[in-house]
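So the chains spell out like this:
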Amino acid sequence: AALSLGPEWLSGVVKVRARLGQLSDAERVAALIASAVGNAVGDTSINRNVGADQGHLDLARGEIELARGRGEQAATLFAAAAARLIPIDVLESQAQALVAAGRAEEAAFRYEELLALAPFGMEEQEDGVRAFVALGGIYEKLGRVDAARGVYERLIAQWSNGDDNLVLLKQARARLKAIAG
């Protein structure tokens with residue numbers, strides 16, 4: 001028997017699938033989310049708060065639009081999701097869409113918001129770590145080299161005991177070296 005999960009679980013699956021370029025899988029899971037919106041019980045027989053369901057559907061659809069290269073459409077969907085969900089669920093996706101839409105200053109602001117929430121030690125930790133490198137890159141493009149340096153140095157300090165092969169840590173070290181001259 002198949003177990004149906006609520007939108008709050010499935011939107012993360014859509015994000016991963018879409019970012020891996022597996023759009024047909026992402027669309028299939030988004031359709032499951034659409035069919036589950038408003039179902040207060042689900043297969044778990046535990047009452048759910050359905051108030052955020054539409055936000056998770058907007059989040060999933062935004063990830064699909066982002067994967068299709070439609071940054072503005074994705075940004076619109078993520079803004080709708082942000083009105084219904086807690087910021088930590090949406091900020092990284094919003095920032096990605098804003099970058100794709102060519103709105104670097106707004107993207108930087110979203111990444112700064114995410115880093116201020118310090119999502120470390122929780123499931124959203126990966127978004128936070130990715131935000132350091134992405135924000136540093138935006139600062140570099142905007143000519144704000146000192147700000148980029150500071151972001152990279154924060155990540156490196158935070159992960160000073162991290163394995164040398166951690167991809168984002170390697171990227172931060174490489175970018176710091178590159179801007180140092």
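Predicted, not measured: the structure shown is a model, and the values here were computed from it.

A few points about the pattern of salt bridges
Inference 1: Considering all chains together, one arrives at 18 salt bridges under this definition.
Inference 2: With a closest N to O distance of 2.6 Å, Arg149 and Asp146 form a salt bridge. Of this pair, Arg149 and Asp146 both sit in helix α8 (residues 145-158), three residues apart, roughly one helical turn.
Inference 3: Note on Arg149: relative accessible area 26%, which makes it partly exposed.
Inference 4: Judged by relative accessible area, Asp146 falls into the exposed class, the value being 60%.
Inference 5: A cluster of three or more residues bridged by salt bridges with shared partners is formed by Lys15, Arg19, Glu63, Glu92, Glu126, Asp127 and Arg130.

Here we look at the packing of helix α3 (residues 53-67) against helix α5 (residues 87-100)
Inference 1: Remark: α3 packs on α5, axes separated minimally by 11 Å, with the N-to-C direction vectors making an angle of 30°. Judged on the interaxial angle alone, α5 and α3 are roughly parallel. Like other packed secondary-structure pairs, α3 and α5 cross with a definite hand, here left-handed. Residues His56, Leu59, Glu63 and Leu66 of α3 pack against Asp89, Val90, Ser93, Gln96, Ala97 and Ala100 of α5.
Inference 2: Looking at the contact of α3 with α5 residue by residue, the classes come out as five nonpolar, three polar and two charged.

Cut-offs and rules
Residues numbered from 1 in each chain as written. Predicted model: local features only at pLDDT ≥ 70, side-chain atom pairs only at ≥ 80, totals over all residues. Heavy atoms only, no water. Salt bridge = Lys/Arg side-chain N within 4 Å of Asp/Glu carboxyl O. Helix = DSSP H or I, 4+ residues; strand = E, 2+ residues; numbered from the N terminus. Buried < 20%, exposed > 50% of the residue type's maximum accessible area, 1.4 Å probe, protein only. Axes fitted to C-alpha atoms, helices over the stretch in contact; angles between N-to-C directions. Parallel < 35°, antiparallel > 145°, perpendicular 65-115°, else oblique. Left-handed = near helix turned anticlockwise from the far one by under 90°. Contact = heavy atoms within 4.5 Å. Nonpolar A, V, L, I, M, F, W, Y, C, P; charged D, E, K, R; others polar.

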